[in-house]
Amino acid sequence: MLNSSVVKLSVFAVLTALAVNLFYPNLFRREPPVAITINATYDFIVVGGGAAGSTLAARLSENQDVTVLLLEAGPSDWGNPIFEIPALSMLALDSDVDWAYTTERQEGLFKGMKDERSVWPRGKVLGGSGNINAMVAVRGNQHDYDRWAEYTGDQTWNYRHVLSYFKKMEDMRVEGIRDSAYHGKDGPLTINWINSGPLAQKLVEAGQDLGFSNKDYNGKSMEGTGKENEEKDEEEEKRKQEEEKVDERNEKEEEIEEEEKQRVQEKEEVEKEKGEQEEEEEE
Ligand SMILES: Cc1cc2nc3c(=O)[nH]c(=O)nc-3n(C[C@H](O)[C@H](O)[C@H](O)COP(=O)(O)OP(=O)(O)OC[C@H]3O[C@@H](n4cnc5c(N)ncnc54)[C@H](O)[C@@H]3O)c2cc1C
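Because the structure is predicted, anything quoted here is derived from the model rather than measured.

Colleague: Is there a simple way to think about the overall build of the protein in this case?
Modeller: When you go through the protein residue by residue, the secondary structure sums to 6 helices and 6 strands. In the protein, buried positions account for 9% of the 283 residues.

Right, here's the structure in full:
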């Protein structure tokens, strides 16, 4: 009797611990220090603790000889599972950690939306929009960077230049992409496949039916989809290319046959005309 109660209690305790760890992973960890007193002066003050601001502040503070203040308008992200589980990020939208901007009304657009304005979420929390996004690793388009370099006359904006920073921040774990010239392996930002279900596979297949390949969309070109099973997809791509080659060969052979037929027909007509002329002359 005592034994069975002890077992039940132990199972309950283990399950509770697992649940707490899943939903509140930081519950028993110490919150990182947030400044309580503020100095009169700083060497650097970074405004906005989002993706860019946090990175900048972290890099600056690697130098022990300088003081850095990072100011963030929103609350700390510590211990809240919404920021730990990307799929929960939807819960952050239109909440107190979202600036919840809306666009201006535009002729013919957003007809189905409130006030005919599109919603434009932005994170208002330590970590910024990176804390309310879906953590899908998508870079800006290389043509945009090149255009910015052109507009500003500042070549450090061009894609070739910013690529070195994308590479520097990456800890790419995906085999086959890891060693590509577009990716880095030694940075702090780990990138790997996500576990996606059969619906994602169907979307990839639908894309392939429309002619979009499944590949590294942060590589040479952004057009296409990116999902695991690269090998299969490469095989599929090769098979398609082979089929296209065979089709092209068949088309060419048909063209040659058609031309040959026409040549024979023309020759026959010429000979027929010649025969008729000779007959007329004999008469
Ligand atoms: C809903 C959503 C989904 C997204 N999904 C993806 C995705 O899956 N993949 C992807 O690559 N990108 C995604 N993005 C884009 C990505 O999150 C942003 O490009 C990136 O976070 C921008 O970084 P940032 O540092 O420029 O700005 P932010 O991360 O937005 O940081 C700005 C910070 O400044 C703070 N701030 C603003 N004004 C003040 C002030 N006056 N004083 C103090 N602090 C201030 C804000 O509160 C915020 O914390 C998504 C964005 C959103 C909103």
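Colleague: Where do I start with the pairing of strand β2 (residues 68–71) in this structure?
Modeller: Along any regular strand the residues' side chains alternate between the sheet's two faces. Pairing analysis gives 4 bridges linking strand β1 (residues 44–47) to β2, with the strands arranged parallel. When the sheet's bridge partners are listed, Ile45 is paired in β2 with Leu69. Taken together, β1, helix α2 (residues 51–60) and β2 constitute a β-α-β crossover, and its handedness is right-handed.

Colleague: Looking at this model, I keep getting lost on the environment of Ala200. Mind explaining?
Modeller: With respect to the secondary-structure elements, Ala200 resides in helix α5 (residues 198–209). Here Ala200 falls in the partly exposed class, since 14 other C-beta atoms lie within 10 Å of it.

Colleague: What am I meant to see in the UniProt feature "domain: Glucose-methanol-choline oxidoreductase N-terminal" (unreviewed entry) in the protein here?
Modeller: Under the UniProt annotation, "domain: Glucose-methanol-choline oxidoreductase N-terminal" (unreviewed entry) lies at residues 123–146. Between the end C-alpha atoms of residues 123–146 the distance is 27 Å, and the span holds 21% helix and 0% strand.

Colleague: Sorry, what's going on with the nonpolar core here?
Modeller: Nonpolar side chains in soluble globular proteins generally cluster together in the buried interior. In this structure, Ala92, Val97, Val125, Leu126 and Ile132 together form the largest nonpolar core, which totals 5 residues. Apart from the residues lying within four places of it in its own chain, the contact partners of Ala92 are Ile82, Val97, Asp98 and Ile132.

Colleague: Would you mind showing me how to read the site of the ligand here?
Modeller: Residues in contact with the ligand amount to 25 residues; listed here are only the nearest, Gly48, Gly50, Ala52, Gly128 and Asn133. A breakdown of the residues in the shell around the ligand according to their chemical character gives 12 nonpolar, 10 polar and 3 charged.

Colleague: How should I be thinking about unusual backbone geometry in this particular structure?
Modeller: Excluding glycine, residues mostly have negative phi values, and the peptide bonds linking residues are mostly trans. Located in the positive-phi region is Ala100, a residue other than glycine, with phi close to 50 degrees. Here Ala100 is to be found in the loop between β2 and β3 (101–102). Positive phi is not limited to glycine here, since Met135 has a value of about 60 degrees. Tracing the chain through its elements places Met135 in the loop between β4 (119–120) and α3 (142–152). Residue Met135 is classed as exposed on the basis of its 12 C-beta neighbours within 10 Å.

Colleague: It is not clear to me how the environment of Asp144 should be interpreted in this structure. Could you clarify?
Modeller: For Asp144, the location among the structural elements is in helix α3. For Asp144, a count of 12 C-beta atoms within 10 Å corresponds to the exposed category. In this structure the C-alpha to C-alpha distance between Asp144 and Tyr159, which are 15 residues apart in sequence, comes to 8.2 Å.

Colleague: Please explain the environment of Asp146 as it appears in this structure.
Modeller: Here Asp146 is to be found in helix α3. C-beta crowding within 10 Å serves as the criterion here: with 17 such atoms nearby, Asp146 is assigned to the partly exposed category. When the C-alpha positions of Asp146 and Asn158 are compared, they lie 4.4 Å apart, and in sequence the two are 12 residues distant. Dropping the residues within four chain positions of it, Asp146 is found in contact with Asn158 and Tyr159.

Colleague: Can you help me understand the confidence of the model for the protein in this one?
Modeller: Residues at a pLDDT of 70 or more form 90% of the protein, whose mean pLDDT is 87. The secondary-structure element of the protein with the lowest mean pLDDT is helix α1 (residues 2–23), recorded at 74, while β1 shows the highest, at 98.

Rules used throughout
Residues numbered from 1 in each chain as written. Predicted model: local features only at pLDDT ≥ 70, side-chain atom pairs only at ≥ 80, totals over all residues. Helix = DSSP H or I, 4+ residues; strand = E, 2+ residues; numbered from the N terminus. Buried ≥ 20, exposed ≤ 12 C-beta atoms within 10 Å, placed from the backbone. Pairing = 2+ DSSP bridges. Right-handed = clockwise from strand over helix to strand, strands pointing away. UniProt positions renumbered as here; feature names shortened; annotations may be inferred. Core = buried A, V, L, I, M, F, W, Y, C linked by C-beta atoms within 7 Å. Contact = placed C-beta atoms within 7 Å. Near = placed C-beta within 6 Å. Nonpolar A, V, L, I, M, F, W, Y, C, P; charged D, E, K, R; others polar. pLDDT = per-residue confidence, 0-100.

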